[in-house]
Structure formats: C-alpha cells, structure tokens
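Chain by chain, the residues:
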Amino acid sequence: MTDVYLVGVGGQGIITASRIIGDAAILAGKNVLLSETHGMAQRGGSVVCTARIGEVYSPLIPDGQADVVLSFELLEALRVVCKASKNTVVVSSNERMIPLSVSSQKLKYPTLDEVRREIAKIAREFVLIEASKLAGEAGVPMSSNIVMVGALAGTGLTNLDKKHFEKAIEMSIARNVKENLAAFSKGFDAVSTRSRT
Amino acid sequence: MLLLGNEAIARGALEAGVAVATTYPGTPASEIGDALARVAKDAGIYFEYSTNEMVATEFAIGAAASGVRALVSMKHVGLNVAADALMTFAYTGTRGGFVLVTADDPSCHSSQNEQDNRYYALLGGIPLLEPSSPQECYQMTKDAFALSEKLELPVILRTTTRVSHVRGPVVVGEIVPGPKKKEFVKDPKRFVTVPAVARARHLILLERLQEASKLADGSALNRVYRIGAGGRSGIITSSAAFNYVMDAAKMLGMSTDVLKLGFSHPLPTHLIVEFLKTHDSVAVVEELEPILETSIRAVAQHEGLKAKILGKADGAFPQAYEFDQAIVASGLVKAFGLKGEIAKTVSVDLQDLPVRPPVLCAGCPHSATYFAVNKATNRKAIFASDIGCYTLGVAPPYNAADLLVCMGSSVGTAGGLAKVNDQPVIAFIGDSTFFHAGIPGLINAVHHGHKFLLMILDNRTTAMTGHQPHPGSDKGPSCCDITSVSIEEVVKGCGVKWLKVVDPYDIKTTTDTVKQALTQNGVSVIIARRECALIVKRDQKGAILKKHYIDQEACKKCRTCVDKFQCPAISSIDKVQTIDDTSCAGCGACAQVCPHKAIKEAR
C-alpha cells in the first residue's frame, strides 16, 4: 500500500499527474483511488490530489500518513508538512509561485533553507527537483508535472514498474509523447540516483 | 477503466438506456452533465444545461411521466431550487425511470452550506440510494432506474464530494439504448395534482413506501461486511463514511460486522432489527446529520431492543464537516471504549506561511469592475453579492461582498437592504446566475420601485463550474442547437428604464456609469460585459497578447496596483512591483489603475 499526497497550485497539471499514477497502478493490476479538487479552489489556490495504491477504501490521507508528499511548488510542500511523518519522503519541485498575500499582506515567502529545515524536522527525507529545468531539457517546458511523476516513480515507493508509468503517459498525453517520456526519465533519474544525506 | 464517480454515474445512465438528461452545473456534480454533453450526440440521447435546477427537474419530469428514462443532476443546494417540483412528483409518481442525482458537499469545499440532502428523501417520501465508490456510482445509477420503474416513484441518488470526485477502477457493461420517445397517455386523476387528486395520491405514495421498505430489506445494496471474526459490536454506515469505517477498522485491528446501507431510505427495518438483535452495541457512522442514527434509535425503541446505539448523540462523531479514516477511528475508539492506538500527529506552527486562497485570475474582468465600483463609491456602499467566481471579490482589496445567501439572492436582498439603509446598495450577479434566479427579483424591484443598482457581470459563460454555456451564450454544447437569449432584452422586458452596457476593461467609463446609475430613482442596471479571460486564453493559444510591464523609472512605489487592484500577474516583492510576463493576460486594466502611468504595453 502506498499513499501519495500531491499538492501544488491550480493550473500546474496536478490532476493529470494523479491520473497517470492511477493508470500506472491499474496497468500493474493494483487497486487505486484518486481524489481530486474541482471548483472554486482551482482559481489559483492551493490544490490537493491524493493517490492511494493498494487495498484501500478511503481516498483521503489523514495527517501524518502519507508515504510520499509530491509537491509541485516549494511553499506548498511546507504547507502540507502535517501529512508527513518520520516514514515520509517529501519530493518537491523548486518552482516558486509567489502567492498574492506576499504582495498584499507583506508576508514573507520562505527561503529554500527554511523549507528544507522545517520539513527535515518531520519527514524522513526532503528531495528537491528542478522540475521546470528538466522539462525544458526534455523539450517540453510545460511538462513539469510529468517530471514530477518521474520523480515519484524514482523513489521506488510506489512499487510500480517504470514501464507502467511510461505506458500510462503514452495513454494520457496526446502530443510530444517522446519528449514527455524523456521528461519522465529525467525526473526518475534525478531521484533514483540522488545522493542521500 | 478509471472513472470519476460522476463519470461513472453518466456511464450507468447510458447503460440504463436514459433518453433525457438535464442539469444545472454546480460543484461537485458538474462532471455528470459535462460527460453526458460530450457523448449525447453519439449516444442519441437528449441532453441540456437547463436554466436552473427547477427547470431541469421539470423537463425531466415531463419526459419520465411520458414513459422514457430521465436523469437530472445537481449540487445539493440545487435541490432546494428543484424541491418544489420533486416533492409533488413523488405524489404523481413516474412511468419511465426518473433518477435525481444530488451531490452533497460536506466541509463546503465549493459551497455556501453543507446541508444533508438525505432529508429530502425523508421529506418527500422518495427512495434513496447512496453509493460509496465510482463502481457503486455506476451500478447504483442502473439500479436506481430499475427501482424507479418498479415502484413508479422518483429515486434520489445521493453522492458527496468524496464520492463524486474520486477516481477509481470501474468495470462497465454494454450500453443498451432505451426508447427515446413515448406518447404521453393522459391520466389527470394521477398527474394533475388538484387537492382531490393530491389527497388520493398521498395514500398511494405511502403504500409504495411500504413496498420500497421491503425492497430495501431484500436489496443486495444493503449487506454486512465481516471484518476479522466479526463480534458482538457492530457498525451501521452508508455513503463515503463506509470507506472510512473500513480503513479505520483495519487501522484499529477491529473484529466487527459492518452493515452498509446502499439503499438507505426507506430504512430496511427487518435488516436493522436483525443486526441490533445480534450485536450488543452498534455504532452508527454517517457524515453530517444523524439521520440513520435517529431512525435506528426509533426502530430499537419500537421493537424494544436492548442493543446500545452509539453515534453523534453521545459525542463520539461530529455533526459538521466531512470525515476521514482518522476521524472515524477516533470516533470508534470513543464509542466502543477501545484501547486502540491512534497515531499522534506532529503539530507544526505554520501561521506565518503566506496563505494562498483562490483569487480572481489574471485578466479577470470582475477585477476591473470591482476596482471601478470602489472608485465610484469611495467604498461607501453596501454590496449584495451572488454565487459565482465574482464572489471571490469578498476578499481585500475589493471587499465587494457584504451579504450572500444563495443563487439570485443579490437582487432580492438588495431591495431589502435599500429599504432600510441610507447608503447606496449595489447588487452583483453573474450572467448565468441572472438567468438562473435573478429575473423574478428584478421584476419585483421594478414593480415595487426599489432603489438599487444591479450590475450583471456578464463574462459569457458559467465560469466557476467549468465554463458551461447558459441561455445567453452564443454557442451551446456540441450536442445542442441553441438560441441565444439577450440579457438586455430580458432586463428591458422586466420593465427596467435605466440600462447601460459597459466594457469593464474600460475603467473610466465603468466608473462614470456607476456614479450616474447611483443618482437614479428606482432600479438601475449596468451590464458589465467582457468574456472570461480563461476562455480568451484558451481560444487564443499562441496569439500575441498585449503584455504589460512596469517601467521601474516611472514607478513611484505607491502600491495602488497591489493595494487597490489585484492581479495574480502583479507582485510586489522587496518593495518592487513587477508583472509576470507568462501570467499577464494583456487586458490593460492595470495600466488604467496606475496613477503614474508607469504600467505600459510591451512592444
């Protein structure tokens, strides 16, 4: 059983990413449940999806119970740190989307070191991914979300094969399939070959 | 295949041979209609986005009373609008299968309340099915049509956000087209509910409910799941709560029996009695109202049963907000006095983190409208708001909402506000919401001479729920030929004498027009018309937009562009204001907002 908590900002392709994870699980012959955020929350707000792989009934992941937190935006990784525990790997994109409250309420966007330090207090490991850069290198700058799916696969915590993810990407991406597969691989390699501290 | 709960409902309806499907979009129900809109033409069924839930329901009643199968879907508060039709349709009953889907929203993820629509089943005497998973959404939609025809009654299929918006594996069957036409056989003693008919039909409804209760007792949708070796303690549950019960029981290592009610009204009384007889204590686990709990207590009292019934009355389970497996586990520990270990969570102090609430998009015409209104009124006005993206104007810097209760309420409440207040009153309503529920309020205001300004924020679509068309749209869904209804003509037809149409991107004209409107006696109407920026962005893919930038030499750091205006593309970090090139929609509103002309169009 693997519980993946996906978080980011509306418009980052999180629902697509969660569907690829879902399709990969089905291809691997496993049960999967995804929960999605629709409606009002999507207008530039924090967006959450969950993917629970295995014999589960509930689609939700209570506090402290995520195996992986997959964050598409740096600040959001910190915001949902309550979902993590000493067993959790937090994988976050280094992308920063400055919320309007930073401008209007003069609040401070935390530094990378602050984010890393706070998450390290709670989670087992914090892994940072240059998702946007890797997507650009693969020739699909808009596919940061596919890089993040690769990063998830690279943790090895989903117990799904790389080939299941790749097939799932082929199924759900209409254009630039080759480049998107490259984006996936870049995310995968970035995590699977990381140096552990 | 992996299907969203809502898509599974659409699939189930197609396999059940539905002939007519209607809806008014609303989260978390919208994807049922959206899925059917996409396939309606190929499937040969009739689908429409109706003007509101009442019309959607009445339309489906007309079809089902004739004998074909009809599906109508809506969010929970939509059923308040449709209730008038539904309550009496239970008296006449139906010929063709009639299924009404209500998608409830515990925790108000995208709603103004978290009312529990199972009460409508009790109120109207209407059989109720409650799926827990996408597979059950599919299956129970088919079952609901069969049940509706067997009992000749409408059936409510009730989901929640965590059923409608969960994607999971669904095994589907064959689509079997049903009859698309049936001749209405006249039977006024059944279908025309004058008092004499209504009185007779009420007795028939009560008889049918007796029959329905027997069907519920024998239904495969109501079954016991044994966990471990079972035991003398049991759980009765339904809907999404069932999922949390199953995971919580596993977390706690419980040995118990779980009675899951998929067909929960009328209550399967015999099944409940048997369960209460074979268990010493029974926890009733349901989100929101203690509907099962209260009915089960009544059954126990009636039958003189001794089983201890545990639930919300003893404080084991909360009556507000949605559950998850952790909440249910802690409730079960409390209810049964278990020694279960609930994993402690680490509390983290995140109070200083910048919040990220939903906001109006870059290029959103509502932003420009609200800026103009604040400028025109110097913020000395009362704002009656309504349901839609523009409700987000409640937040600073616009503070453009002071009262909101339901769809269309801006127009009605504005009259009352104006009657007892000396400040100017401005009502804001979206185009789709105006057609949905704004028109009677406007007629009332004209007729009684109420003095306020109604601003119809016309972005040409139902934006919040996913850009569904409405009666004023130029184009319908691919399945439909439509005639566009002019808002101006409707407003004039309601008797409004002072009407202006403005482009909100023209802030000066909008501001002046608002000032002018507020000098009028009686009701004045401004239509602020500009297409939703997201649609423009989608349709103009790759087109060159008039991107804007802030000339840092001309910028006087007055912060007007972030303190009085709000655009996700404009940020102010370390006292420097900049425009993000990729998010800028090129609307040019900010250039008009800047008092120092420091915001310029990029060449």
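Here the structure is shown first, and the text comes after it.
Residues numbered from 1 in each chain as written. Chains lettered and ligands numbered in written order. Predicted model: local features only at pLDDT ≥ 70, side-chain atom pairs only at ≥ 80, totals over all residues. Heavy atoms only, no water.

Asker: Help me understand the nonpolar core in this model?
Answerer: Here is a general trend for soluble globular proteins: nonpolar side chains tend to be buried in one another's company. Residues and elements named next belong to chain B. In this structure, L36, L71, F98, L129, V285, V328 and L332 are the most contacted members of the largest nonpolar core, which totals 92 residues. Here this core gets 9 residues from one element, more than from any other, and that element is helix α10 (residues 239-252). The contacts of V328, once residues within four sequence positions are left out, are Y244, V245, A248, V285, F317 and F323. Membership of the second largest hydrophobic core comes to 69 residues, among which are V491, V523, V525 and C561. (Core = buried A, V, L, I, M, F, W, Y, C linked by side-chain atoms within 4.5 Å. Buried < 20%, exposed > 50% of the residue type's maximum accessible area, 1.4 Å probe, protein only. Helix = DSSP H or I, 4+ residues; strand = E, 2+ residues; numbered from the N terminus. Contact = heavy atoms within 4.5 Å.)

Asker: Teacher, can you tell me more about the packing of α10 of chain B against helix α13 (residues 325-336) of chain B here?
Answerer: How two helices pack is summed up by the angle between their axes together with the distance between the axes. Residue and element names in this part refer to chain B. Contact pair α10 / α13: the axes reach a minimum separation of 8 Å and the direction vectors enclose 60 degrees. Considering only the axes of α10 and α13, their crossing is right-handed. Residues Y244, V245, D247, A248, M251 and L252 of α10 touch α13, and the partners they reach there are Q325, V328, A329, L332 and V333. The class makeup of the residues in the contact of α10 with α13 is 9 nonpolar, 1 polar and 1 charged. (Axes fitted to C-alpha atoms, helices over the stretch in contact; angles between N-to-C directions. Left-handed = near helix turned anticlockwise from the far one by under 90°. Nonpolar A, V, L, I, M, F, W, Y, C, P; charged D, E, K, R; others polar.)

Asker: Hey, could you run me through the sheet that holds strand β2 (residues 20-23) of chain B in this one?
Answerer: Backbone hydrogen bonds hold the strands of a sheet together, and the pairing may be parallel or antiparallel. Residue and element names in this part refer to chain B. Reading across from one edge, β3-β2-β4-β5-β7-β6-β12 is the order of the 7 strands in this open sheet, with mixed pairing throughout. In this open sheet, the two strands that pair with only one neighbour each are β3 (46-49) and β12 (263-265). Pairing between strand β6 (residues 128-129) and strand β7 (residues 155-160): 2 bridges, direction parallel. Considered in β7, the bridge of L129 is made with L157. Packed onto the sheet, helix α3 (residues 53-66) meets β2, β3, β4 (70-75) and β5 (98-104) and runs at close to 165 degrees relative to β4. (Pairing = 2+ DSSP bridges.)

Asker: What is the right way to read the side chain of T22 of chain B from this model?
Answerer: Residue and element names in this part refer to chain B. Among the structural elements, T22 can be located in strand β2. Within polar-contact distance, the side chain of T22 engages the backbone oxygen of A56 at 2.8 Å. When near neighbours in sequence (up to four residues on either side) are disregarded, T22 contacts E48, S50, A56, F59, A60, L71, V72 and S73. (Polar contact = N/O pair within 3.5 Å; in protein donor to acceptor, adjacent residues only side chain to side chain.)

Asker: Would you mind going over helix α15 (residues 409-420) of chain B with me for this structure?
Answerer: Residues that lie three or four places apart on an α-helix share one face, since the helix turns once every 3.6 residues. Residues and elements named next belong to chain B. For α15, built from 12 residues, the straight-helix expectation of 16 Å at 1.5 Å per residue is met to within 8% by its first-to-last C-alpha distance of 17 Å. Considered for burial, the residues of α15 that qualify are S409, S410, V411, T413, A414, G415, L417 and A418. Buried residues along α15 sit in contact with β15 (382-384), β16 (425-430), α16 (431-448) and β17 (453-458). (Expected span 1.5 Å × (residues − 1).)

Asker: What is the right way to read the packing of aromatic side chains from this model?
Answerer: Enumeration according to the criterion identifies 14 aromatic pairs over all chains in this entry. Taking 4.9 Å as the distance between ring centres and 85 degrees as the angle between the ring planes, the aromatic pair formed by Y370 of chain B and F428 of chain B counts as edge-to-face. Of this pair, Y370 of chain B sits in helix α14 (residues 365-377) while F428 of chain B sits in strand β16, and the two are 58 residues apart along the sequence. Linked through ring pairs, Y370, F383, Y398 and F428 of chain B together constitute an aromatic cluster. Over the ring of F188 of chain A we find K162 of chain A, and its NZ or CZ is 4.6 Å from the ring centre. Sitting over the ring of W498 of chain B, K500 of chain B keeps its end group 5.1 Å from the ring centre. (Phe/Tyr/Trp six-rings, centres within 6.5 Å; stacked < 30°, edge-to-face > 60°. Lys NZ or Arg CZ within 6 Å of the ring centre and 35° of its normal.)

Asker: Hey, could you run me through the environment of D581 of chain B in this one?
Answerer: With respect to the helices and strands, the residue D581 of chain B is situated in the loop between β22 (576-579) and α21 (589-593). With 311 residues separating them in the primary sequence, D581 of chain B and H270 of chain B have C-alpha atoms 66 Å apart.

Asker: Is there a simple way to explain the pattern of salt bridges in this structure?
Answerer: When their charged atoms lie close together, side chains carrying opposite charge are able to pair. Residue and element names in this part refer to chain A. The full count for this structure, using the stated rule, is 40 salt bridges over all chains. Across the pair E137 and K186 runs a salt bridge whose closest N-O atoms are separated by 3.6 Å. Of this pair, E137 sits in helix α5 (residues 131-137) while K186 sits in helix α8 (residues 177-192); the two residues are 49 residues apart in sequence, bridging distant segments of the chain. For E137, a relative accessible area of 45% gives the class partly exposed. (Salt bridge = Lys/Arg side-chain N within 4 Å of Asp/Glu carboxyl O.)

Asker: What am I meant to see in the pairing of strand β6 (residues 125-129) of chain A here?
Answerer: Here is the key point about a regular strand: its side chains alternate between the two faces of the sheet. Residues and elements named next belong to chain A. With respect to burial, β6 is a largely interior element, 4 of its 5 residues being buried. The sheet contact formed by strand β5 (residues 89-93) and β6 spans 5 bridges and is parallel. Paired with V90 across the two strands is F126, which belongs to β6.

Asker: Looking at this structure, how should I read the environment of S484 of chain B?
Answerer: All names here are of chain B. Positionally, S484 belongs in the loop between β17 and α17 (487-493). The class for S484 is partly exposed, based on a relative accessible area of 36%. S484 sits 64 residues away from V420 along the chain, and the two C-alpha atoms are 38 Å apart. Ignoring anything within four residues of it in the chain, the contact list for S484 reads P471, G472, S473 and D474. A distance of 3.1 Å separates a polar atom in the side chain of S484 from the backbone oxygen of G472. Among the polar contacts listed, one links the side chain of S484 to the backbone oxygen of S473, at a separation of 3.3 Å.

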